[in-house]
Amino acid sequence: MAADEPLVLGIETSCDETGVGIVRGTTLLADAVASSVDTHARFGGVVPEIASRAHLEAMVPTIERALKEAGVSARDLDGIAVTSGPGLAGALLVGVSAAKAYAYALGKPLYGVNHLASHICVDQLEHGPLPEPTMALLVSGGHSSLLLAPDITSDVRPLGATIDDAAGEAFDKIARVLNLGFPGGPVIDRLAKEGDPASIAFPRGLTGPRDAPYDFSFSGLKTSVARWIEAKRAAGEEVPVRDVAASFQEAVVDVLTRKAVRACKDEGVDHLMIGGGVAANSRLRALAQERCERAGIRLRVPRPGLCTDNGAMVAALGAEMVARNRRPSDLELSADSSLPVTEPHVPGADHGHGHSHDHDHVHEISKDNLYS
Amino acid sequence: MDTATPAVTVALHDGTSVIASSGQVDARRHGELLLPAVDRVLAEAGTKLDAVTDVVVGVGPGPYTGLRVGLVTAATFASALSVPVHGLCTLDGLAYAAGLEGLEGPFAVATDARRKEVYWARYEDARTRTGEPAVDRPADIAGALAGLPVVGAGAVLYPDAFPDARAPEHVAAGALAALAAERLAAGQEFLEPRPLYLRRPDAQVPKNYKVVTPQ
Ligand SMILES: [Zn+2]
């Protein structure tokens with residue numbers, strides 16, 4: 001770790017985790033996370049207002065914990081990065097407001113960055129600098145996309161995405177049908193290990209010859225699994241939970257890995273990065289490894305703790321923004337719940353980024369108080 | 001600073017008087033407006049944030065997502081600068097401002113809680129609240145407040161319930177800061193810098209699992 005590499009603090013509040021991470025270049029120094037997932041469990045999904053309230057409670061203590069963990073002084077930071085989107089609007093707003101206040105109070109540059117690009121960039125903390133271009137499969141409760149990133153700070157291209165449910169959402173819904181609680185991913189992964197993935201032939205969405213090659217669909221699969229379970233229940237038979245979990249999971253990861261490997265081959269990319277909460281799934285990791293090896297593709301998957309939402313991934317992308325001299329965001333940075341994946345960061349107004357927020361309220365910002 | 005109502009308002013107070021202030025009414029852009037307003041106020045006062053010795057924030061009650069913008073900004077400033085952050089009830093700021101405009105007690109303060117409700121509290125005078133802030137339908141409290149002047153946008157919105165509406169409509173951080181300066185000088189207590197939501201979060205427990213098979 002070179003002392004001249006950028007030292008960046010990253011804040012993530014797009015869903016139910018309040019994350020603050022600190023990195024120097026591609027080295028992880030701290031990864032503090034406060035989760036409100038337990039509070040949401042009885043609702044069977046993330047409740048936005050509960051998440052926002054929890055972010056407010058946890059924000060400053062989590063920043064302070066990260067600084068302590070990293071053993072650095074806030075004065076030495078080279079920048080503050082924050083997820084400005086996509087995500088839950090009210091939840092994002094807490095992190096963005098905190099990041100702006102922190103950057104302003106410390107006189108540091110502010111970088112509003114894209115949550116999805118951060119999920120990709122986090123792998124730099126695990127496996128070193130990203131190859132360019134990077135092929136990435138992002139799978140979580142909120143997103144399922146195939147992305148090609150020639151430059152993670154400025155050029156991220158969507159190849160495909162889910163047309164209905166996200167992969168993680170399908171896990172949650174099937175877990176609910178099976179009365180396994182929320183979130184569904186870890187428990188299905190665990191039960192599937194004791195089941196037979198070939199026992200029930202569930203459908204593979206969008207895998208026909210005329211279907212979009214890189215798009216995903218998990219809604220049909222979800223309905224099909226639910227029907228199968230209901231039929232068993234209606235017949236008074238016991239539902240073989242482990243076999244259902246294994247067969248359902250197999251259908252999801254089969255499609256994900258098949259399409260990701262195909263995208264690598266089609267685009268001539270010789271490695272694949274998998275990120276997002278579902279990347280913690282053991283069967284997805286195993287099948288991806290197997291198929292990548294067979295295709296001569298190098299697989300990069302960060303450890304599970306870096307796959308789920310966290311502040312370190314935001315700091316990692318922020319550090320890359322600093323290293324590549326990307327233009328900082330301005331103090332009017334807003335949370336953008338639908339920030340497109342094609343915008344890895346939200347540079348200041350002068351740069352004229354694609355979003356047309358109205359700027360009738362643009363004021364003279366005293367340069368003195370900004371990044372002094 | 002206060003972002004508990006549609007107003008985004010910031011002021012700098014030196015213990016004697018307000019040096020600079022800003023107020024913008026835009027319920028949808030608290031997040032975008034607050035930091036530039038802080039910057040503008042400091043620039044106008046010819047000083048910088050690190051000169052600030054105390055941060056004061058309106059804790060609501062407020063229905064807006066924006067309420068959290070002021071609170072998290074204040075808490076983050078306080079952490080970064082290692083200075084204390086003090087909470088004040090937003091309604092107290094409005095009452096104090098009404099007092100500066102010459103209103104004597106008793107009176108009430110009401111702000112818009114949306115969903116056809118108001119946040120409100122009664123005051124003996126501009127510095128003395130009697131009872132905790134509450135959230136109610138205007139018609140349900142009109143009788144109890146009959147004959148009293150009612151300060152704030154909540155009164156303006158419901159003239160049938162509150163015929164004697166008084167200024168100001170929105171809270172100004174200058175008044176909040178002046179009230180805080182008085183309390184600091186007198187060694188009085190403040191509220192914790194935590195939001196007064198007065199409502200439980202909207203959280204729908206999903207209905208029992210719905211059968212998808214056609215019957
Ligand atoms: Zn995510």
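Since the model is a prediction, treat every value here as computed from it, not as a measurement.

Definitions and limits used
- Residues numbered from 1 in each chain as written.
- Chains lettered and ligands numbered in written order.
- Predicted model: local features only at pLDDT ≥ 70, side-chain atom pairs only at ≥ 80, totals over all residues.
- Heavy atoms only, no water.
- Helix = DSSP H or I, 4+ residues; strand = E, 2+ residues; numbered from the N terminus.
- Rg over C-alpha atoms; globule rule 2.2 N^0.38 Å.
- Buried < 20%, exposed > 50% of the residue type's maximum accessible area, 1.4 Å probe, protein only.
- Contact = heavy atoms within 4.5 Å.
- Areas by Shrake-Rupley, 256 points an atom, 1.4 Å probe, with all protein chains shown as cover.
- Lys, Arg positive; Asp, Glu negative; His and termini not counted.
- Charge placed at Lys NZ, Arg CZ, Asp CG, Glu CD.
- Expected span 1.5 Å × (residues − 1).
- Disulfide = S-S within 2.5 Å.
- Domains from an automatic or database assignment.
- Buried area = accessible area lost by both parts, 1.4 Å probe.
- Salt bridge = Lys/Arg side-chain N within 4 Å of Asp/Glu carboxyl O.
- Polar contact = N/O pair within 3.5 Å; in protein donor to acceptor, adjacent residues only side chain to side chain.
- Nonpolar A, V, L, I, M, F, W, Y, C, P; charged D, E, K, R; others polar.
- Donors = N, O, S within 2.8 Å, 3.2 Å for Na, K, Ca; no water.
- Pairing = 2+ DSSP bridges.
- Axes fitted to C-alpha atoms, helices over the stretch in contact; angles between N-to-C directions.
- Left-handed = near helix turned anticlockwise from the far one by under 90°.

## A short note on the overall build of chain A
Now for step 1: Broken down by element type, chain A carries 12 helices and 10 strands.
Now for step 2: By the compact-globule yardstick of 21 Å for 372 residues, chain A fits well, its C-alpha radius of gyration being 21 Å.
Now for step 3: Its C-alpha atoms give chain A principal-axis dimensions of about 75 × 45 × 40 Å.
Now for step 4: The buried share among the 372 residues of chain A stands at 57%.
Now for step 5: Within chain A, residue pairs in contact and separated by at least 24 positions form 73% of the contacts whose partners lie at least 6 positions apart.
Now for step 6: Entry remark: accessible area of chain A is about 13900 Å², with carbon and sulfur atoms responsible for 48%.
Now for step 7: When the 35 basic and 49 acidic side-chain charges of chain A are each reduced to a single mean position, those positions are 5 Å apart.

## Remarks on helix H6 (residues 173-185) of chain B
All names here are of chain B.
Now for step 1: For H6, which comprises 13 residues, the first-to-last C-alpha distance of 18 Å matches the rise-based estimate of 18 Å (1.5 Å per residue) to within 8%.
Now for step 2: Counting buried positions along H6 yields 10 of 13 residues, so the element is predominantly enclosed.
Now for step 3: In this fold, the buried residues of H6 make contact with strand E1 (7-13), strand E2 (18-25), strand E3 (55-58), strand E4 (85-88) and helix H3 (90-100).

## A short note on the state of the cysteines
Residue and element names in this part refer to chain A.
Now for step 1: Inspection of every chain in the model, using the stated rule, returns zero disulfides over all chains.
Now for step 2: In this structure Cys 264 is a free cysteine whose sulfur lies 6.3 Å from that of Cys 292, the closest cysteine sulfur available.
Now for step 3: A relative accessible area of 0% places Cys 292 in the buried class.

## Overview of the domain arrangement of chain A
All names here are of chain A.
Now for step 1: By domain assignment, chain A separates into domain 1 (7-122 + 310-369) and domain 2 (131-302).
Now for step 2: Just the C-alpha atoms count here: the centres of domain 1 and domain 2 sit 28 Å apart.
Now for step 3: Taken together, the 22 residues of domain 1 in the interface contact 19 residues of domain 2.
Now for step 4: Across the domain 1 to domain 2 interface the summed buried area is about 1700 Å²; carbon plus sulfur atoms make up 71%.
Now for step 5: Among the residues of domain 1 in contact with domain 2, His 119, Ile 120 and Val 341 are the three that bury the most area, contributing 33% of the side total.
Now for step 6: The interface formed by domain 1 and domain 2 contains three salt bridges.
Now for step 7: Two residues, Asp 151 and Arg 324, come together in a salt bridge whose shortest N-O distance is 3.2 Å.
Now for step 8: Run the count over domain 1 and domain 2 and you get four residue pairs in polar contact (both at pLDDT 80 or more).
Now for step 9: Listing elements by their share of the side of domain 1 that touches domain 2, those giving two or more residues are helix H1 (37-41), helix H4 (115-121) and helix H12 (311-323).
Now for step 10: Element by element, the count of residues in the side of domain 1 that touches domain 2 is highest for H4, at six residues.
Now for step 11: When grouped by side-chain class, the residues that make up the side of domain 1 that touches domain 2 number 12 nonpolar, seven polar and three charged.

## Here's the deal with the side chain of Glu320(A)
Residue and element names in this part refer to chain A.
Now for step 1: Within the secondary structure layout, Glu 320 lies in helix H12.
Now for step 2: Judged by relative accessible area, Glu 320 falls into the buried class, the value being 11%.
Now for step 3: Here Glu 320 is in contact with Cys 121, Gln 124, Ile 152 and Thr 153, once residues within four sequence places are set aside.

## What about the coordination of the zinc ion?
Residue and element names in this part refer to chain A.
Now for step 1: Around the zinc ion, the protein supplies His 115 (NE2), His 119 (NE2) and Asp 309 (OD) as donor atoms, at distances of 2.1 to 2.3 Å.
Now for step 2: On the primary sequence, the residues serving as donors to the zinc ion are separated as H-x3-H-x189-D. One end of the pair, His 119, is in helix H4; the other, Asp 309, is in the loop between helix H11 (304-307) and H12, with 190 residues separating them in the sequence. The residues His 119 and Asp 309 share a single accessibility class, namely buried.

## What to know about the domain arrangement of chain B
Residues and elements named next belong to chain B.
Now for step 1: Examined at the domain level, chain B breaks down into domain 1 (7-90 + 170-185) and domain 2 (103-166).
Now for step 2: The C-alpha-based centres of domain 1 and domain 2 are spaced at 24 Å.
Now for step 3: Across the domain 1/domain 2 interface, buried area totals approximately 780 Å², and carbon plus sulfur atoms make up 56% of it.
Now for step 4: Summed over the three residues of domain 1 that lose the most area to domain 2, namely Pro 61, Pro 63 and Tyr 64, the buried surface amounts to 53% of that side.

## Concerning the sheet that holds strand E1 (residues 7-12) of chain A
Sheets are built from strands paired through backbone hydrogen bonds, the pairs being either parallel or antiparallel.
Residues and elements named next belong to chain A.
Now for step 1: The strand order across the open sheet built from five strands is E3-E2-E1-E4-E5, with neighbouring strands paired in mixed fashion. Every other strand in the sheet has two partners, leaving strand E3 (27-35) and strand E5 (110-114) as the edge strands with one partner each. Taking the axes of each pair of neighbouring strands and ignoring which way they run, one obtains an average angle of 20° across the sheet.
Now for step 2: In this structure, strand E2 (residues 17-24) lies alongside E3, joined through eight bridges in antiparallel fashion. Counted as the bridge partner of Gly 21 is Asp 31 from E3.
Now for step 3: Sheet strands in contact with helix H2 (residues 48-70) are E1, E2 and E3, and its direction is about 155° off that of E3.
Now for step 4: The strands touched by helix H3 (residues 89-106) are E1, strand E4 (79-85) and E5; relative to E4, the strand with the most contacts, the crossing angle is about 160°.

## Details of the sheet that holds strand E10 (residues 298-300) of chain A
Residue and element names in this part refer to chain A.
Now for step 1: The strand order across the open sheet built from five strands is E8-E7-E6-E9-E10, with neighbouring strands paired in mixed fashion. Edge positions in the sheet fall to strand E8 (155-161) and E10, since each of these pairs with one other strand and no more. The mean inter-strand angle of the sheet, taken between neighbouring strand axes irrespective of direction, is 25°.
Now for step 2: Examined bridge by bridge, strand E9 (residues 271-275) and E10 share three bridges and lie parallel to one another. Along E10, the bridge assignment pairs His 271 with Arg 298.
Now for step 3: The strands touched by helix H9 (residues 241-267) within the sheet are strand E6 (134-139), strand E7 (144-151), E8 and E9, with E6 carrying the most contacts at an inclination of about 165°.

## Here we look at the packing of H3(A) against helix H2 (residues 66-81) of chain B
Now for step 1: Relative orientation of the contacting elements H3(A) and H2(B) amounts to 35°, with a least axis distance of 8 Å. Where H3(A) crosses over H2(B), the two elements pack in a sense that is right-handed. Touching Leu93(A), Val94(A), Ser97(A), Ala98(A), Ala101(A), Tyr102(A), Tyr104(A), Ala105(A) and Leu106(A) of H3(A) are Arg68(B), Val69(B), Val72(B), Thr73(B), Thr76(B), Phe77(B), Ala80(B) and Leu81(B), all from H2(B).
Now for step 2: Split into classes, the residues belonging to the contact of H3(A) with H2(B) amount to 13 nonpolar, three polar and one charged.

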